[in-house]
Amino acid sequence: AIGCCDWSSDVCSSDLIVLAERIGENFSVYQNVTVGYGKDGKPSIGNHVSIYSGAVVFGGITIGDHVRIAANTVVRTDIPPHSLVYGNPAVIVH
């Protein structure tokens, strides 16, 4: 499933790879981001999610609605709605 925005669930360019099970509405992604397969599948991304430069999100995880993933963060676990995460591995700050 894909949200209302102009996104495909499989997007590749020279500095951006997005392979997601689901992408919600108002998805923002910046340069050098990788979203993709892990051993247990592809991520599902909620509505109003922003993923900043250099972040990596992978595996069959769920990123909740209204989540911000800071630059250079590595996400391998579910992130609850209304969260801000950063670090490697990702730490939930808010």
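Residues numbered from 1 in each chain as written. Predicted model: local features only at pLDDT ≥ 70, side-chain atom pairs only at ≥ 80, totals over all residues. Heavy atoms only, no water.

Undergrad: Explanation requested: the overall build of the protein in the structure shown.
TA: Of the regular secondary structure elements, the protein holds zero helices and 13 strands. Each of the 94 residues in the protein was classed as buried or not, and the buried ones make up 36%. Put simply, of all contacts in the protein between residues at least 6 apart along the chain, 3% involve residues at least 24 apart. Surface exposure of the protein reaches about 5,000 Å², of which carbon and sulfur atoms provide 50%. (Helix = DSSP H or I, 4+ residues; strand = E, 2+ residues; numbered from the N terminus. Buried < 20%, exposed > 50% of the residue type's maximum accessible area, 1.4 Å probe, protein only. Contact = heavy atoms within 4.5 Å. Areas by Shrake-Rupley, 256 points an atom, 1.4 Å probe, with all protein chains shown as cover.)

Undergrad: What am I meant to see in the sheet that holds strand β10 (residues 68–69) here?
TA: Strand pairing in a sheet relies on backbone hydrogen bonds. The paired strands run either parallel or antiparallel. On the basis of which strands lie adjacent, the open sheet formed by five strands has the order β4-β7-β10-β12-β13 and mixed pairing. Only two strands of the sheet have a single neighbouring strand rather than two, namely β4 (28–29) and β13 (91–92). With two bridges joining them, β10 and strand β12 (residues 84–86) adopt parallel strand pairing. Its bridge partner lying in β12, arginine 68 is registered against leucine 84. (Pairing = 2+ DSSP bridges.)

Undergrad: Where do I start with the environment of isoleucine 51 in this structure?
TA: Summarising the element assignment, isoleucine 51 is placed in strand β7 (residues 50–51). Note on isoleucine 51: relative accessible area 0%, which makes it buried. The residues contacting isoleucine 51, other than those within four sequence positions of it, are Phe27, Ser28, Val29, Tyr30, Val33, Val35, Ile45, Val57 and Ile69.

Undergrad: Is there a simple way to think about the sheet that holds strand β9 (residues 62–63) in this case?
TA: As summarised here, the arrangement of the three strands in space is β3-β6-β9, forming an open sheet in which the pairing is parallel. Here the strands that pair on one side only, and so sit at the sheet edges, are β3 (22–23) and β9. The sheet contact formed by strand β6 (residues 44–45) and β9 spans two bridges and is parallel. Looking at the pairing, isoleucine 45 lines up with isoleucine 63 of β9.

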